[in-house]
Each structure stands twice: as C-alpha cells, then as structure tokens.
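# Geometric and topological summary
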Amino acid sequence: MDSEIQLRVDGRRKRLRVDTRMTLLDALRDGIGATAPKTGCDHGQCGSCTVLLDGRRVITCLTFAVAHDGADITTAEGLADGEWLHPMQRAFIERDAFQCGFCTPGQVCSALGMLAEVEAGHPSVATDDLTGPVELTDEEIRERMSGNLCRCGAYVNIVDAVRDGAR
Amino acid sequence: MIPFDYRLAPDVDGAVAAATGWGGVAFLAGGTNLVDHMKLGVAAPEVLVDISRLPLDAVEELPDGGLRIGATVRNSDLAAHPAVRRDYPVLARALLSGASGQVRNLATTGGNLLQRTRCAYFQDLSTPCNKREPGTGCSAIGGYTRQHAILGASAHCVATHPSDMAVAMAALDAQVTVLGTSGRRVIPLVELHRLPGDEPHRDTVLSPSDLITAVELPPLPEGTRSLYRKVRDRASYAFALVSVAAVLRVEDGVVRDVRIALGGVAHKPWRARRAEDVLRGSPVDGSPADEEVFRRAAEAELAGAAPLAGNGFKVPLARNTVVSALRGLSREER
Amino acid sequence: MTDLLRPRVLGQSPTRVDGPAKVTGTARYAGDQRVSDPAYVHLVQADVARGVLTEVDVSAAQALHGVLAVLTPDNAPRLASTDDAELAAFQSHEVAFRGQVVAAVVARTREIARHAAALVRVEIDQRPHDVHLSADRDDLYAPEKVNGGSATDTEQGDIGTGLAHSPFTLDQTYTTAWYNNNPLEPHTTTALWLDGDLALYESTQGVHTTRESTARVLGLAPERVHVIAPHVGGGFGSKGTVHVHVIIAALAAKAVPGTPVKLALTRQQMFSLVGYRTPTIQRVRLGCDADGRLAVVAVDAVGQTARIKEFAEQTAVPSRTVYAAPNRRTTHRLAALDVPVPSWMRAPGECPGMFGPEVAVDELAIACGLDPVEFRIRNEPDVDPDTGKPFSSRNLVACLREGARRFGWEHRDPAPRARAESGWLMGTGVAASTYPVNRIPGSVATVRCTAPGRYLVSIGAVDIGTGTWTSLAQIAADALGADFTDVEMRIGDTARPRASVAGGSSGITSWGSTVVAAAREFRRTFGDHPAEGAEASAAMPEDDVGEEYAMHAFGAQFAEVRVHADTGEVRVPRLLGVFAVGRVVNPRLARSQLIGGMTMGLSMALHEHSVLDERFGHVVNHDFAEYHIATNSDVPHVEAHWVEEHDPHTNPMGTKGIGEIGIVGTAAAIANAAHHATGVRVRDLPLTLDHFLE
Ligand SMILES: Cc1cc2nc3c(=O)[nH]c(=O)nc-3n(C[C@H](O)[C@H](O)[C@H](O)COP(=O)(O)OP(=O)(O)OC[C@H]3O[C@@H](n4cnc5c(N)ncnc54)[C@H](O)[C@@H]3O)c2cc1C
Ligand code: SF4
Ligand code: FES
Ligand code: FES
C-alpha cells in the first residue's frame, strides 16, 4: 500500500511515494538516494542510521517513513556545505575518529544531537546531580555516545573529536 | 512484513474506535518495538493506527504533588522533565539507563510499558515459542536463559519484561489510565503486566483496542529517597540482567516507607513485597549493621526464586544488587 | 637486506584522504552505489542444522506482485565449480548447517522481497545433527596443515621429562568463545550483468581475489568479472574470502536480465553466512625452574570446523615463537561439525592462541613468586625457538619495559584482591602480543605522470578502514620523491592492476613494496622529469631475505580492571599497549589501528560470545542487542605506543603490519588484571560478572 509523503532532507524538499512498510531509513536511502544514514543492523541496535529529525537525533530504521510526512531531516551530508565541513566533521578527521567510516555519519549526527541535549541541560545516567547543570565530561560524552557502535574501535578518538567539536 | 494500512489517529477517541472490533490492528507510537517485531515477523498487523501525534505528550504536575505523564511523551523528554529529575530520580535514572539517546527520542511512555520480551527465541520465527505461537513449546527452557526469569515463571514461558521505566514506575505505585471501548479505567501499574501462567501470549491485562492515555505518579512524602540500579552485561546500551528500583523513607532511624521493584527477573516488573515487609519498621542508621537487615530482606524475596539452568547467578546478583541499592539510599540519607 | 626508503612523508601523519567523504557520508560503500532501478534480493535460510530439502514451494512468493524471480536448488543454474562447498549455492538439496541458504527472492523493492521470502515454504527431512565441540570427542582429527600453511603439530625435546624436572608446573585448560566478526557494514553486493560481463560492487577485502573466486565458481574468464570496492565498512577477515551471497547475487542478477540487483545480508544472517572465529579449547602445560626459566611450553588446541569445508585455526602457532624453552609441543585437532563454515577473524591463530598461554604464564609467574613482566623477560629467546632462525628484529622486552614504565607497573603490589575503591576491587595485568610479518605475492602497481610533478598510482588494493588511500600515497610519494599532495591513488577496483587481499596485516608490506617497485621502475625508465603520460608498472619483488629470518611484530599490553564487589560487573578503565612493529608509516592512522585492535580485544575479553544452542545448531544471540560488542562507555582509556624499531629485512618501508597485533594478548592482560583485582582466576572467556559473584 503506497502513500505520498513530503520530506525536507538536507534543506531540499522531496516528494515521494512510499510503500507504507518502508522505513524512514530505506526511504532516505532507496527513495531519495541519501547515502549518509547507513544500515548497520536495521533493528535499532547500532546507531549507524542516526539523523537529526526536526533537530533531534533519532534512529531511522525502526520508524516508518509514512509516519513522518512533513518532517525536516538533516543527515551528515547536509551538515557540510560543499567543501566546507562542519566543525564536528573537521574534528572527526583531525582526531582520526573513524577507520572504515561506516558508523561515522551516524556518530556525527548523534554528537550534534547529543550536544543540543546537553545544552538544554538534559542529564544522562552518568550525571551525578540530576537537577544541577550538566558538564560535558568525557564520561558524559562516552555514555551519551554509547548508542553508536563502532566496530573499528575508534571510541577514544570519537570522544576526543566530540570534545573538540563541542568548542 | 505483510502490507498494512496506515491511519493517523485523528484524536484519542478516534484511535480507540479505529482499533475496535477486530484483531489485526495495532497502535503505532515510537515504533521502536513494534516496527522491530514487524520486520522480524513477530507482529503482522494489517492496520496501524498512528497515535504518535495525539495530544498525549504532556507531563503535568498535579495539585497533590503527583505527576501525570501522557502516553506519547518521549522517554527522553520524560527523563529530562524538571519534576521527574527533582522528585522521582528513580524514574529519571531508569529511563536514562534504557536503550540509547536516539532510541529514547522516539520511544514513548505507552510503548515502553507495552514493549515485549527480548527473549531471543521469541524474536526468532524459526524457534518454537509459546508466547509467539501458543502451544508450540518454550525454547528458552533448556536453552540460553541469561535474560530470563527467576521469579514467577511458568512451565510455559520464562521470559522477562525488558522495561526499565516500568520497574521504576512499579516502585512508585504508578497508576495507568486506559481508554477502551467501554470507557476509561485506571489500572495499578503492578497489575498491568501478567505472569505467564498458561497464557504466556498475553503480556498484559489489556485488550488490543485499549489505549493507554497516561500514567499517574502519586506524590512522594517529604524525605523520600529513590534510586535505580541497573546491572547489565556492558556499561551502556544493554538490557538489564537485574535492576532494582528502590524508594526509601527513613525517619528517626526507622524505615517508614520502602518500595522495591526488580527488573530482569520476571515476566513483569517485580514488586518485592516480601523484602519490603522485612524492612518496614526496621532500624536503619547508615552503619554497616544495616547490611544484615538488607540482606535478610533480599533473601526473603528471593526465597521463592526458581532459577533455570544457566541463570542461577541472577539469584545472588539480585540479592547483592538489592543490598547495594538499599545501602546507597540509606547512606544518601545521612 | 632490502633497499630501505628514505622517509620524508613516511612517518608523517597526514589526515585521511577519504576523510571528508566519510564524515559527510558521501563515500560510496557497496550498498550506496547508484544503479538504475535495482531489484532487491532477500534470502531464505534452512531452519535445521542437517537434513535434506524435500520441497521448496515458491508459489505463494512467486504470486506476489513485484516478485521477479525465486531461486532454489530446483531451478538455479548449475555452477562451473563446486569445489568450495561454501560457495555452491543451490547446487544440492543437502542441508549442512542451520542458516544455509535454500532460496533467494528477487523483487522490485526491499519490502516485497522480504515479504515474499517469508512466503517461501521449505520442507526439510531433518537428520540428527552434531554441533557439540569438546576436547573429549573421539573423532577429533589432525588437519593436514593449519591456516597460514603452518605445520599442524610440532615437538622439540620431551615435555614429559621437562615437566618431571620442573619445580613449578602448570596444566590448565583455557577456552575462547565463538566470535563473529561483525563489521559494522553488513556484507553487501550490488550485481549487474552487461554483455556477459559481471560487475560487482562488493564489500570485500580483495577485489581481485573476489574476481578470481567468483569467476571460478561461475565458470567465467576472470577478466569478465569486475569488482569495485572504493570504501569498505570494515571486514576483520569476514570479507577476506568470498562468501555465498556474492554467488547468489550474481545468479539473481542473471535471473533478471538487464536489472541490477542489491543483496545486503541482515545482521542476523551474518551469524551463519560470512565466517566466524571457531571456539577454542587450549590445554596449556608449562614447567619452569625456581628462577622462572621455562623448561616446557606445550599447547594442545582444539577447534571446530564445518563438515562441508575445513578451516583450521592456527591457535597453537604463536606459542612456537614467543618464549624460549627446550621442551616444546604444539598440536591442533579439529571437530568437523554441522555448523556454519568458520573462517578468518582478526589475527586468526594469534588472537585466541595468546589467551591461554598468556594467562598460564601469569599463573606460573605468580606460582614461582616472580613479577609477570620479569618472568616474560627471563624467557626471551635468542633465536626463533620454532625454526632456529634469527629474528629480523625482536623487541618484546623493550615493549614490556617501556609499557611497564608508562603504565606505572613498578608500584604494583603483587598481592591479589588487595585494593578497593568505592565498592570496586582494582587490579592490573599484563600480557604479550605477537603477530607474524606476512607478505602475499602477486600484486602489481602502475605509476603514471599526469602533469609535471603529479602522479597517479594505481593498484587494486582496498581500504577497509586501515587507511590504504592515505598510507599508499605516502609510500608512493617517498618512493617517487614527490610531495604527498602530488600523488593521487586509484584503488579498490579490478580495473587497477592486480593486488593481494587485505589480510594478515600484509597490506602495507605487499602493496607498499609493489608501489615502491613501480615507482623505482618509473624513475629508472623516465628519470626525474618524465613526460606527461609516462607510465611504468612493476610487480611485487621476490622476497630475498624472508627465508633467512623469522619476522614477527611484538607488543606488551597492560590493563587496569575493576570488578564491582557486589555485582561482579567488570570494567576496564585503562588499557595501554606498547608495540614493536617496524617503521610506522602514518602515526595518526597507526595509532587508530592499534587502539582499534585493543578495543576489539577488550570487547572479546568482556562481552563477546556467540551462544550456540546445540539443540537447534544456531547462534541464539544473533544481533547487536544480544551479541554485545563494546560501546563507547566500555572503553574509557586506551593508549597505544610503539618503540623505535629499525628492521632492514622486512621490506623497503621497514614495516611489519599493524592491523592485527592490537587484538592479540588484550584479553589475557584483562583476565590477568581481573585475577589481580579479585583473586578469581577465570580461564574461560568472556569475563562476565557471574564469574565474580559471591
Ligand atoms: C536496541 C534497543 C535497546 C533497547 N534497550 C532498552 C533498555 O535498555 N531498557 C528499556 O527499558 N527499553 C529498551 N528498549 C526498548 C524501548 O524502550 C522500547 O522499544 C520503547 O520504549 C517502545 O516505545 P515505542 O513508543 O517506540 O513503542 P512502539 O514500538 O510504538 O509500541 C510498542 C507496543 O506498544 C503498543 N502501544 C504503544 N503505545 C501505546 C498506547 N498508548 N496504548 C496502547 N498501546 C500502545 C504498540 O501497539 C506496540 O504493541 C530498547 C530498544 C531497542 C531497539
Ligand atoms: S521464554 Fe517465553 S517468550 Fe521465550 S521462548 Fe519461552 S515461551 Fe517464548
Ligand atoms: S541501522 Fe538503525 S540502529 Fe542500526
Ligand atoms: S569506523 Fe568502522 S565502525 Fe566505526
């Protein structure tokens, strides 16, 4: 059963017909041709499909595209402007925060979504005082980035990059 | 996945009406559990009623000091809500220890309560499972049982309920508001989920057209402390092997109020009434002597534990985690 | 002695050439390649471990709108070669392991393909299966050779006498688990036939090796198969050989002429279709004198292989080289079971094989009252104990000393269970790492001048995250005497000259030597001022010194572990490794490789374990929610360092390979630290909390 939806992806308006069974991830990849969100597990267990949906980080493999008519989506590709890279992306390169690069677009989106959460004062399970202000310690970064698996094991560099990129 | 019809619920009543009358309908909230199951073939609804945009996304502070949490409030928003952080740290921590940031941004209160077991055999169509297909047998018994129950299981199913949030809510005496075909009703959270018995396919007391609209938390008296301790196989992004939600009020060196719920050990969030009975009225002063009563309480609860081959470790783990949680709370008290 | 390059760009740390493409997600992996109007393939797997297919009813699937074809053993074309039973897709009705592919649906969309796959009805006449690995089986057999071509068994001196004369002895059994490689990118193939040629966009560690294997199975001339892999989302060995999905994708594309097909394995399917590391059982016997000098090193390793195809993990091989001892013995025995086919996984042999012995050494050091670092230093051999050859260079002792210094080892109180901090028991441990210097012949590179002072270097190498795009350009720059930015690489495509597989940490040794040879040939022919379009090629030079020396990289890893006194939870707050790996081409990338290996080693130590349900014959925890790999929170602090090592014998760059050594020894260091923290000796991985509960 098909349905027509509209999405804004990386600043561009897209109209597409989707099978109601199509996940947002597959709509972005197969429907629109976006390559930044990756299918690492297809079951919410790795974070490689993370994008910013209306400004918040979400996985896209466990949600149907049809439920997101009108949504505004930013993928890692949309964070850059041609040759100009987002400071977080530059930090990832500088810190060598990846190897194969497959988890990387999801890591970058997750990092930015996470920083917005910190900015808003949201605690994490690593936060000692739930009611106080949140300080972006390495332990906080690690916990908050734990939804993005990296099989290449770039974690310590990812933490360095996120710390740099947050400046 | 079979094709399905997608309907955006116009309003709360419309959602219930759309789901009434036949079996092939499911409510779609964040989708993080339902879509997972549809991909695996564990769920095969023909109609999805999308409730994620219903106006049930508010957290309200009630006049009596309690809290009403809308069913579509995102797990992340609930954990970040100032009242939850201030008054119900056990809940905030339970939420924050579940899944990942980008899953919690989708997951909702209602969906979290009704998420189904993570039993690997349940999720794999190629292995028999009484919960998925009644009467086919339980593959977990005699199999891989690390995530399985030690309390309240049956010969038909030994699954656990995976929610962290629900465990905290069980300890908080939460009440669940449900809208069904015959109107609104309120169910204590501890009665929402069932034990498997001989009907393991029924996770809860709800019927398919019942819509959870809200969860209410009664206020906690002044001086009450609470915490959530989750023990898992990796430091983050993993389900609980055992978790403990504990709420404690000590006055004049005596336990006045205590509520403990365990996660990862049973088919439902397990309210540890026996342990509470041992503790209530006991002297507690933050000294090492408390250890003894905490341990007795934990052991009283776990006396009925029936571990499976392969998960016997959960009994001492649950005991120690209860003791550790109570120790933490009673010291925080000073 | 090889003609060593004068390093200019070598040893510098340019950032990754492919960095911008990767951080923006525009780098094209196998599933990202744009092909017009592709069809999608979804696989149907056997749900019994052994049996005979009696019926594959595809009628319901076929009737679904949008289904283009369903391949089964009843209708699939015959393959030219079925020598490799793993690749013999749909060639017989026998089911040899649970998860074997029995049908493949080709459909217009992913959703339809998945739906249709669920409608294929498979009847299997089930036969009793046997998937039980044990050292007590009476049908264990000795393979002819073990992986890498090493001898199955070795024996020197007499271990019986050696043990009898040793005041301190140890006889213990250690086990490592079944591990799945689980690169983050699932194995994916985009296949397309054009005029009898097959194009494959493939997630592979070797484009030419994929071409050759695929061509053989399909009965094509190798030139007719084109394999393209500019970016690969990790492999760790599982993309080092062709697996059955490649053949199926090719057959599926053939079934829908003119339509390209995309086949992406699901994470769950990867647990049965793309290889894994066999579980191992290692009986270790050691004997030493009162000074801690080893008289006996004996390792008897048991692993599993599939009934249909042999893979013999070389688990006991590293023990042949690490420590001196006059009496030595190693053996390998296999159980052939009704299980999926095991294969390479990061540091096959060394990774599992340095767990048992390195824990055993810790136990024996404690038994004779010696510091475990000192114990290892005392057993340093003068020559390779296995072959009697001199080492081209060997700096294990330097690594141990440097590591101990950096880690702060000297202040360590050897008593176990002696420190606690806020409810956590704390300990530290050490283990040695080793990995051979491998080179694989058969690569060719081409250098071409594209503009004055600018060069294009082509070789069919791949970058699986190792940094090939960048490090080969560095090597080429130095070999040509050009600037790094004046060299452009062309890799990851069979349209480039043939290259060996990215495996055995051999990439830089093999491809790098080839690039150096091509650059030198280019300069010899065209001098310093070549004309635009000037081009020269060269093959990898013969190895003239390899036979004279034993060539190995070494390392030492130090771990700090804390174990929760109440819950037994295990954490590794700190890992530190010091390695001797020859010259480091690009420190930035090398460090990533080493910490990446150590992180995977930590993951193996604490979490990883594919749980086999023997009743069904499958891995139960076949996804990322249940097969835990370390998350960011599990890995607070990992440091990798290296000692200066000048090895003129390995190759013109003086390198040794760094992709695998990082995972070797990590698990032992952590297990040893956990013992120091708790007094509990765990000999079976992983180190889950239940081992430490009281
Ligand atoms: C990788 C991963 C790790 C996770 N780890 C954890 C963890 O550690 N701890 C934890 O607690 N959880 C964990 N979760 C589970 C997650 O919390 C749940 O998937 C989520 O809370 C479900 O909410 P949802 O809104 O997405 O539900 P959905 O998937 O939309 O719905 C789930 C079920 O509830 C029904 N439903 C939803 N809302 C209502 C309503 N208002 N009334 C009636 N029925 C309703 C649906 O019909 C469906 O049957 C994890 C999930 C994933 C994918
Ligand atoms: S424990 Fe319950 S859910 Fe798991 S296999 Fe048994 S019946 Fe199914
Ligand atoms: S692909 Fe979505 S979380 Fe893994
Ligand atoms: S860089 Fe390869 S998975 Fe993270």
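All figures in this text were calculated on a predicted structure; none of them were measured in a lab.

## Concerning the overall build of chain C
When you go through chain C residue by residue, the secondary structure sums to 15 helices and 28 strands. Its C-alpha atoms give chain C a radius of gyration of 26 Å, near enough to 26 Å, the size a compact globule of 694 residues would have. For the C-alpha atoms alone, the extent of chain C along its principal axes is close to 75 × 70 × 50 Å. Residue burial in chain C is summarised as follows: out of 694 residues, 68% are buried. In chain C, once contacts between residues fewer than 6 apart in sequence are set aside, the share between residues at least 24 apart is 82%. Within the structure as shown, chain C displays about 22,000 Å² of accessible surface, and the carbon and sulfur contribution to it stands at 49%. Measuring between centres, the 63 positive side-chain charges of chain C sit 4 Å from its 82 negative side-chain charges.

## Let's talk about the pairing of strand β5 (residues 67-70) of chain B
Residues and elements named next belong to chain B. The pairing of strand β4 (residues 59-61) with β5 spans 3 bridges and is antiparallel. Bridge assignment links V59 to a residue of β5, and that residue is I69. In textbook terms, the turn of a hairpin is the stretch between consecutive antiparallel strands, and for β4 and β5 this stretch comprises 5 residues, one of which, G65, has a positive phi near 95°. Bridge count between β5 and strand β8 (residues 211-217): 4 bridges; the pairing is antiparallel. By the bridge assignment, G70 is partnered in β8 with A214.

## Notes on the interface of chain A and chain C
Taken together, the 49 residues of chain A in the interface contact 61 residues of chain C. Between chain A and chain C, a total of about 4,400 Å² is buried, with carbon and sulfur atoms accounting for 53% of that surface. Considering only the surface of chain A that becomes buried against chain C, Q99, R151 and Y155 of chain A emerge as the three largest contributors, covering 19% of it. Where chain A packs against chain C, one counts 8 salt bridges. Here chain A and chain C share 36 residue pairs in polar contact (both at pLDDT 80 or more) between them.

## What about the packing of helix α5 (residues 207-218) of chain C against helix α6 (residues 244-255) of chain C?
Residues and elements named next belong to chain C. It is the contact of α5 with α6, at a shortest axis distance of 10 Å, that shows an interaxial angle of 55°. The orientation of α5 with respect to α6, classified from their angle, is oblique. Of the two possible hands of crossing, α5 and α6 adopt the one that is right-handed. In this structure, α5 uses T214, V217 and L218 to contact α6, whose residues at the interface are V246, I247, A250 and L251. Split by residue class, the contact of α5 with α6 holds 6 nonpolar, 1 polar and no charged.

## Things to note about the domain arrangement of chain C
All names here are of chain C. Its domain assignment divides chain C into domain 1 (19-28 + 442-541), domain 2 (33-128 + 184-234 + 240-273) and domain 3 (145-179 + 277-437 + 548-692). On the side of domain 2, 20 residues touch domain 1, which itself brings 18 residues to the contact. Note on domain 1 versus domain 2: buried area summed over both sides is about 1,600 Å², and carbon and sulfur give 51% of it. The largest share of the area that domain 1 buries against domain 2 comes from R28, I464 and T494, three residues that together contribute 42% of it. For the interface between domain 1 and domain 2, the tally reads 1 salt bridge. Across the pair R498 and E212 runs a salt bridge, and its minimum N-O distance is 2.7 Å. When grouped by side-chain class, the residues that make up the side of domain 1 that touches domain 2 number 8 nonpolar, 4 polar and 6 charged.

## Looking at empty space enclosed by the protein
Throughout the structure, instances matching the rule amount to 15 cavities of 30 Å³ or more. Approximately 540 Å³ is the volume attributed to the largest cavity. Around the largest cavity, the lining comprises 32 residues; the ones closest to its centre are D26, T39 and D42 of chain A together with R110 and A264 of chain C. Contributions of two or more residues to the lining of the largest cavity are made by α1 (24-31) of chain A together with β1 (39-45), α3 (110-119), β11 (188-194) and β14 (261-264) of chain C. The element that contributes the greatest number of residues to the lining of the largest cavity is α3 of chain C, accounting for 4 residues. Here the lining of the largest cavity is built from residues that sort into 11 nonpolar, 8 polar and 13 charged.

## Structural notes on the site of ligand 2
In the vicinity of ligand 2 lie 14 residues, with C119, C129, C138, C157 and V158 of chain B positioned nearest. Here the shell around ligand 2 is composed, by residue class, of 9 nonpolar, 4 polar and 1 charged.

## A look at the site of ligand 1
Of all residues adjacent to ligand 1, which total 33 residues, the nearest are F27, G31, T32, T108 and D164 of chain B. Ligand 1 sits at the junction of chains A and B, each of which supplies nearby residues. Within the contact set of ligand 1, an oxygen atom lies 2.5 Å away from a backbone nitrogen or oxygen of F27 of chain B. Between ligand 1 and I212 of chain B there is a distance of 2.8 Å, counted from a nitrogen atom to a backbone nitrogen or oxygen. Notes on ligand 1: free accessible area 970 Å², of which the protein chains cover 94%. Listing elements by their share of the shell around ligand 1, those giving two or more residues are α7 (109-114) and β8 of chain B. Sort the elements by how many residues they give to the shell around ligand 1 and α7 of chain B lands first, with 4 residues. For the shell around ligand 1, a count of residues per class yields 15 nonpolar, 15 polar and 3 charged.

## A word on the interface of chain C and chain B
Across the boundary between the two partners, chain C contributes 33 residues, which contact 39 residues of chain B. Counting the surface lost from both chain C and chain B, the interface buries some 2,800 Å², and carbon and sulfur atoms represent 53% of this. On the chain C side of the interface with chain B, the three residues burying the most area are D566, E626 and H628 of chain C, jointly 19% of the side's total. At the boundary of chain C with chain B, the tally comes to 3 salt bridges. Between R229 of chain B and E569 of chain C there is a salt bridge, with its nearest N and O atoms 2.6 Å apart. Put simply, chain C and chain B have 15 residue pairs in polar contact (both at pLDDT 80 or more) between them.

## With respect to the confidence of the model for chain C
Per-residue pLDDT for chain C averages 97, and the proportion of residues at 70 or more is 99%. Predicted complex metrics record ipTM = 0.98 and pTM = 0.98.

## Points about the packing of aromatic side chains
Within the structure shown, the criterion is met by 12 aromatic pairs over all chains. Ring geometry for F102 of chain A and Y29 of chain C: centres 5.3 Å apart, planes at 85°, overall edge-to-face. Linking F102 of chain A in the loop between α3 (87-94) and α4 (104-119) with Y29 of chain C in the loop between α1 (19-23) and β1, this pair reaches from one chain into another. Given the relative accessible area of 2%, Y29 of chain C is considered buried. Between Y174 of chain C and F355 of chain C the ring centres are 6.4 Å apart and the planes differ by 85°, which places this aromatic pair in the edge-to-face class. On the criterion of sequence distance, the pair formed by Y174 of chain C in strand β10 (residues 168-176) and F355 of chain C in the loop between α8 (350-353) and α9 (356-367) is long-range, its members being 181 residues apart. With respect to burial, Y174 of chain C and F355 of chain C carry one shared label: buried. Through a chain of ring-to-ring contacts, three or more aromatic side chains come together here, namely F407, W409 and F558 of chain C. Cation over ring: K254 of chain C sits above W193 of chain C, and NZ or CZ is 4.0 Å from the ring centre. Above the ring of F391 of chain C, the side-chain terminus of R394 of chain C is found at 4.9 Å from the ring centroid.

## A word on the domain arrangement of chain B
Under the domain assignment, chain B is made up of domain 1 (5-49) and domain 2 (225-333). Distance between the C-alpha centres of domain 1 of chain B and domain 2 of chain B: 37 Å.

## Some points on the environment of K38 of chain A
Considering the arrangement of structural elements, one finds K38 of chain A in the loop between α1 and β3 (51-53). For the pair K38 of chain A and E143 of chain A, spaced 105 residues apart in the sequence, the C-alpha separation amounts to 22 Å. The residues contacting K38 of chain A, other than those within four sequence positions of it, are L25, R29, S48, C49 and F102 of chain A together with G25, A27, Y29 and D32 of chain C. Among the polar contacts listed, one links the side chain of K38 of chain A to the backbone oxygen of T35 of chain A, at a separation of 2.7 Å. Polar side-chain contacts of K38 of chain A include one of 2.6 Å to the side chain of D32 of chain C.

## Comments concerning unusual backbone geometry
All names here are of chain C. At the junction of L685 and P686, the peptide bond is cis and its omega measures out at -5° in the coordinates. Secondary-structure assignment places P686 in the segment after α15 (666-678). Its identity as a non-glycine residue notwithstanding, D195 has a phi of 50°, on the positive side. Structurally, D195 is set in the loop between β11 and β12 (197-202).

Basis of the calculations
- Residues numbered from 1 in each chain as written.
- Chains lettered and ligands numbered in written order.
- Predicted model: local features only at pLDDT ≥ 70, side-chain atom pairs only at ≥ 80, totals over all residues.
- Heavy atoms only, no water.
- Helix = DSSP H or I, 4+ residues; strand = E, 2+ residues; numbered from the N terminus.
- Rg over C-alpha atoms; globule rule 2.2 N^0.38 Å.
- Buried < 20%, exposed > 50% of the residue type's maximum accessible area, 1.4 Å probe, protein only.
- Contact = heavy atoms within 4.5 Å.
- Areas by Shrake-Rupley, 256 points an atom, 1.4 Å probe, with all protein chains shown as cover.
- Lys, Arg positive; Asp, Glu negative; His and termini not counted.
- Charge placed at Lys NZ, Arg CZ, Asp CG, Glu CD.
- Pairing = 2+ DSSP bridges.
- Buried area = accessible area lost by both parts, 1.4 Å probe.
- Salt bridge = Lys/Arg side-chain N within 4 Å of Asp/Glu carboxyl O.
- Polar contact = N/O pair within 3.5 Å; in protein donor to acceptor, adjacent residues only side chain to side chain.
- Axes fitted to C-alpha atoms, helices over the stretch in contact; angles between N-to-C directions.
- Parallel < 35°, antiparallel > 145°, perpendicular 65-115°, else oblique.
- Left-handed = near helix turned anticlockwise from the far one by under 90°.
- Nonpolar A, V, L, I, M, F, W, Y, C, P; charged D, E, K, R; others polar.
- Domains from an automatic or database assignment.
- 1 Å grid on protein atoms, 1.4 Å probe; cavity = no way out; pocket = protein on both sides within 12 Å on 5 of 7 lines; lining within 4 Å.
- Points joined across faces, edges and corners; volume = space filled by probe spheres on them.
- Near = heavy atom within 4 Å.
- pLDDT = per-residue confidence, 0-100.
- Phe/Tyr/Trp six-rings, centres within 6.5 Å; stacked < 30°, edge-to-face > 60°.
- Lys NZ or Arg CZ within 6 Å of the ring centre and 35° of its normal.

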